[in-house]
Amino acid sequence: TLHLRMERHSDKARHLARVLDDHPAVGRVRYPGLPSHPGHDLAARQMSDFGGMISFELADDDIDEALTILEEVEVFTLAESLGGVESLIEHPASMTHASIPAEEREAIGLTDSLIRLSVGVETVDNLEADLRRALSRVG
């Protein structure tokens, strides 16, 4: 069933990446399935689809607002391990990369508001509503 799950992950992630890309509270979306992504053309040549991983930063790059989003989501589960059939959310600056000084994180492009999503197979409408509700609490 892996190919079926990957289709669902990719379809839902592509939809959510567009939603995030158009949201005023979001400053930047990193998803190779978006034509605006710097690696889009290469990914399109090398991959049959773009996967279920999305990263995004808030427009004002505020760490407290990023943490608010983590607290507000209900469908996405907070987890450091990304990947699975359930949708997961992670904040590298306070989780996986918390021990790295902020200046070093910033130098490698890991901003204070960077949030990573592993999009699962839940209903895309529920995932979108969850993100929109959480994003409405910031900005």
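The structure contained in this document is the topic of the report that follows. (Residues numbered from 1 in each chain as written. Predicted model: local features only at pLDDT ≥ 70, side-chain atom pairs only at ≥ 80, totals over all residues. Heavy atoms only, no water.)

**Side note on the overall build of the protein**
Point 1. Secondary structure assignment for the protein yields five helices and five strands.
Point 2. Counting from the amino terminus, the protein carries its helices and strands in the arrangement α-β-α-β-α-β-β-α-β-α.
Point 3. Scaling as 2.2 N^0.38, a compact globule of 139 residues should have a C-alpha radius of gyration of about 14 Å, and the protein matches this with 14 Å.
Point 4. Expressed along its principal axes, the backbone C-alpha trace of the protein runs to roughly 40 × 30 × 30 Å.
Point 5. Taken over 139 residues, the protein has a buried fraction of 43%.
Point 6. In the protein, 68% of the contacts between residues at least 6 apart in sequence involve partners at least 24 apart.
Point 7. Working note: accessible area of the protein is about 7,200 Å², and carbon and sulfur atoms make up 49% of it. (Helix = DSSP H or I, 4+ residues; strand = E, 2+ residues; numbered from the N terminus. Rg over C-alpha atoms; globule rule 2.2 N^0.38 Å. Buried < 20%, exposed > 50% of the residue type's maximum accessible area, 1.4 Å probe, protein only. Contact = heavy atoms within 4.5 Å. Areas by Shrake-Rupley, 256 points an atom, 1.4 Å probe, with all protein chains shown as cover.)

**Quick notes on the nonpolar core**
Point 1. Leu-20, Val-29, Ile-54, Phe-56, Ile-69, Leu-117 and Leu-135 are the most contacted members of the largest nonpolar core, which has 29 residues in total.
Point 2. The set of elements that each furnish at least two residues to this core consists of helix H1 (2-22), strand E1 (26-30), strand E2 (53-58), helix H3 (63-72), strand E5 (115-118) and helix H5 (124-135).
Point 3. In terms of residues, this core owes the most to one element, H5, which gives five residues.
Point 4. For Leu-135, the contacting residues outside a window of four places in its chain are Leu-20, His-23, Ala-25, Val-26, Phe-56, Leu-58 and Ile-69. (Core = buried A, V, L, I, M, F, W, Y, C linked by side-chain atoms within 4.5 Å.)

**A short note on H3**
Point 1. When we look at burial in H3, the residues that qualify are Glu-65, Ala-66, Ile-69 and Leu-70. Down the axis, H3 shows its buried residues gathered within 150° of arc, on one side only. Projecting away from the buried face of H3 at angles above 90 degrees are the exposed residues Asp-64 and Glu-71.
Point 2. The elements touched by buried residues of H3 are E2, strand E3 (77-78), strand E4 (88-90), E5 and H5.
Point 3. Regarding H3, its N-cap is Asp-62, as a side-chain oxygen of that residue lies 2.8 Å from the backbone nitrogen of Asp-64 further along. (Arc of directions from axis to C-beta. Polar contact = N/O pair within 3.5 Å; in protein donor to acceptor, adjacent residues only side chain to side chain.)

**Quick look at the sheet that holds E4**
Point 1. An order of E1-E2-E5-E4-E3 is seen for the five strands of this open sheet, with the pairing classed as mixed. The open sheet has two edge strands with one neighbour each: E1 and E3.
Point 2. Of the strand pairs in this sheet, E2 and E5 are connected by four bridges, and their pairing is antiparallel. Residue Ser-55 lies in a different strand from E5, and its bridge partner there is Arg-116. (Pairing = 2+ DSSP bridges.)

**What about the pattern of salt bridges?**
For side chains bearing opposite charge, pairing can occur when the charged atoms are close.
Point 1. A complete count under the given rule lists ten salt bridges for this structure.
Point 2. Notably, a salt bridge pairs Glu-7 with Arg-8, separated by 3.4 Å at the nearest N-O pair.
Point 3. Its relative accessible area of 38% is what places Arg-8 among the partly exposed residues.
Point 4. Put simply, Arg-133 and Glu-74 hold a salt bridge, and the shortest N to O gap is 3.7 Å. (Salt bridge = Lys/Arg side-chain N within 4 Å of Asp/Glu carboxyl O.)

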